[in-house]
Amino acid sequence: MAYAHIMPPREKESFGSAGSHTEVVSDLSRLDFDFAEFIEELESELATYTEKTHKTGKPNAVLVGVYDKGASDSESSMLELRELAKTAGVNILDSLMQKRTPDPKTLLGKGKLEEVILHCLKVGADIIIFDCELKPGQWRAITNSTELKVLDRSMLILDIFAQRANSSEGRLQVELAQLKYNLPRLVELDAGLSRLSGGIGGRGPGETKLELGRRQIRDKISLLEDKIDKISQQRDLRRKQRIDNKIPVVAILGYTNVGKSTLFNKLTASNVFVENKLFATLDPAHRRLRLPSKDNLTKNETVILTDTVGFIRHLPEELMTAFKATLDEIKEASVLIHVLDASDPEIAERKKAVDEILLEMQLSNVDQLIILNKSDKISQEKIDNLTTDFDAIAVSAITGIGLKELVIAIAKELDKIGKKLEKARKDSHAQF
Ligand code: GDP
Ligand code: MG
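Keep in mind it's a predicted model, so treat the numbers as computed, not measured.

Asker: How would you explain the side chain of Gln173 if you had to name every residue and give the values?
Answerer: Tracing the sequence through the fold places Gln173 in helix H6 (residues 168-182). You can call Gln173 buried: its relative accessible area is 11%. Other than its neighbours up to four places away in sequence, Gln173 contacts Ile228, Ala322, Ala325 and Thr326.

So, in structure tokens, the structure goes:
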């Protein structure tokens, strides 16, 4: 007979060192050993360790990347997963990388999977996040072999979208994408069902908390599709009202985590909602913004400012559709505010990723203002260089630096567009 237990991790211990201890005994019942005391000691030792590594209120995760032996971009792929996890509000305890041909059943292979799960228990993780798209069968096999919540890259991205979608349509779209993504992973009455509910990865933006059965999910999907239809009809109506009233729309967009929502809130904070019918029905992601009207700069002194879900590189195709749908609303924008994070070392790549999607959506010819946000985080010299490189306006949504200049720039841009339209109209009249 034998008993086994997890060993508490030691400082800076790396993955792979003995995770458990097994003791072989001849007769367990005659063993002179105080198990209660032993377990208490062991638990307190584990707790002392996790006290240092865990952050309160955040889910704790171990990241796992399985890459082909020849893969050269595994490091950067893992780095990106780390960033996505941080953006989703996850506390990262450890990340493990494995070079092997992915196992069709368990991704890692059965033995390795057990080792990884043991390591997760040791460091006190609640979630295990894989840097890939898990096939439904793989997700189920892994879920069935551990109590941990199992997420893949797409689920993590959907979770970020769920946290960040503000417009009613955007929220419904993300919820729909989550249900569609999870549907093949769920088997009726499967244990994994409850594992997706609540918290990270199971956070529905709407009322669905992803704890439904398959048939219910199918019903829910068609319900959501109906709702989205209705909402887009309302949107068309609102759009028509705005056009009739000549209220221009200005959309904030950019990579995820650059500070779009913070900027949106800061800019519109003093512009409290009024009981104007046109604005009362607005989505949380649309608010009116009053522009400075001095110097006769603009006749349209009020615009609708729109916040959007953030862009992410290498978006899986099935998420792309949902993501583009959440961006549908920016098609009515006269001006796009493309926000960059000035403190991000990968600023140029991020901007490129956004530009590519805009091009794909045929939005690259809409007037754009480039904004360098988080300028409070870098030196003046760097700000100067970046503003020149990107022909941008430096701001900080937190401290408020540059916001006045930004609002004036929006007004000028709209004024320019107005003049262009005017000229076009005159020219077309002149032809007759
Ligand atoms: P979004 O994904 O683009 O909407 O980004 P959020 O508005 O949610 O902001 C992401 C993070 O960046 C939050 O932690 C913000 O507090 C932070 N942030 C936003 N703007 C600034 C800024 O101007 N300066 C600094 N230092 N942090 C900022
Ligand atoms: Mg946001």
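Moving on, there is more to tell.
Asker: So, the site of ligand 1: which residues are in play, and what are the values?
Answerer: Taken together, 15 residues surround ligand 1, and among them Arg164, Asn257, Lys260, Thr262 and Asp376 come closest. Within the side chain of Lys260, a nitrogen or oxygen atom sits 2.7 Å from an oxygen atom of ligand 1. Alone, ligand 1 offers 580 Å² of accessible surface; in the complex the protein occludes 76% of this. Considering every element that reaches the shell around ligand 1, the biggest residue donor is helix H9 (residues 260-268), with 3 residues. Of the residues assigned to the shell around ligand 1, the class counts are 3 nonpolar, 7 polar and 5 charged.

Asker: Got a sec to walk through the packing of H6 against helix H11 (residues 317-326)? Specific residues and values, please.
Answerer: Closest axis-to-axis distance for the H6/H11 pair is 8 Å, and the angle between their directions is 170 degrees. Classified by the angle between their axes, H6 and H11 sit roughly antiparallel to one another. Where H6 abuts H11, its residues Gly170, Gln173, Val174, Ala177 and Tyr181 lie against Glu318, Ala322, Ala325 and Thr326. Per-class residue counts for the contact of H6 with H11 are 5 nonpolar, 3 polar and 1 charged.

Asker: Give a description of H9 that names residues and reports values.
Answerer: Looking at H9, one finds that the buried residues are Lys260, Leu263, Phe264, Leu267 and Thr268. End-on, the buried residues of H9 take up no more than an arc of 110 degrees, which puts them together on one face. Looking at the packing, one finds that the buried side of H9 touches strand S7 (249-254), strand S8 (286-290), strand S9 (302-306), strand S10 (335-341) and helix H14 (403-430).

Asker: Outline the sheet that holds S10, supporting the account with residue identities and numerical values.
Answerer: As summarised here, the arrangement of the 6 strands in space is S8-S9-S7-S10-S11-S12, forming an open sheet in which the pairing is mixed. A strand with exactly one partner marks an edge of an open sheet, and here the two such strands are S8 and strand S12 (393-394). Relative to S9, S8 runs antiparallel, the two being bridged by 5 bridges. Bridging from a neighbouring strand, His286 pairs with Thr306 of S9.

Asker: So what about helix H13 (residues 380-390)? Which residues, and what values?
Answerer: Listing the buried residues of H13 in full gives Ile383, Leu386, Thr387 and Phe390. Looking straight down H13, one finds its buried side chains confined to an arc of 100 degrees; they lie on one side. Seen from the open side of H13, the exposed residues pointing more than 90 degrees away from its buried face are Glu381, Thr388 and Asp389. Just downstream of H13 lies Asp391, where phi reads positive at about 50 degrees.

Analysis parameters
- Residues numbered from 1 in each chain as written.
- Chains lettered and ligands numbered in written order.
- Predicted model: local features only at pLDDT ≥ 70, side-chain atom pairs only at ≥ 80, totals over all residues.
- Heavy atoms only, no water.
- Helix = DSSP H or I, 4+ residues; strand = E, 2+ residues; numbered from the N terminus.
- Buried < 20%, exposed > 50% of the residue type's maximum accessible area, 1.4 Å probe, protein only.
- Contact = heavy atoms within 4.5 Å.
- Near = heavy atom within 4 Å.
- Polar contact = N/O pair within 3.5 Å; in protein donor to acceptor, adjacent residues only side chain to side chain.
- Areas by Shrake-Rupley, 256 points an atom, 1.4 Å probe, with all protein chains shown as cover.
- Nonpolar A, V, L, I, M, F, W, Y, C, P; charged D, E, K, R; others polar.
- Axes fitted to C-alpha atoms, helices over the stretch in contact; angles between N-to-C directions.
- Parallel < 35°, antiparallel > 145°, perpendicular 65-115°, else oblique.
- Arc of directions from axis to C-beta.
- Pairing = 2+ DSSP bridges.

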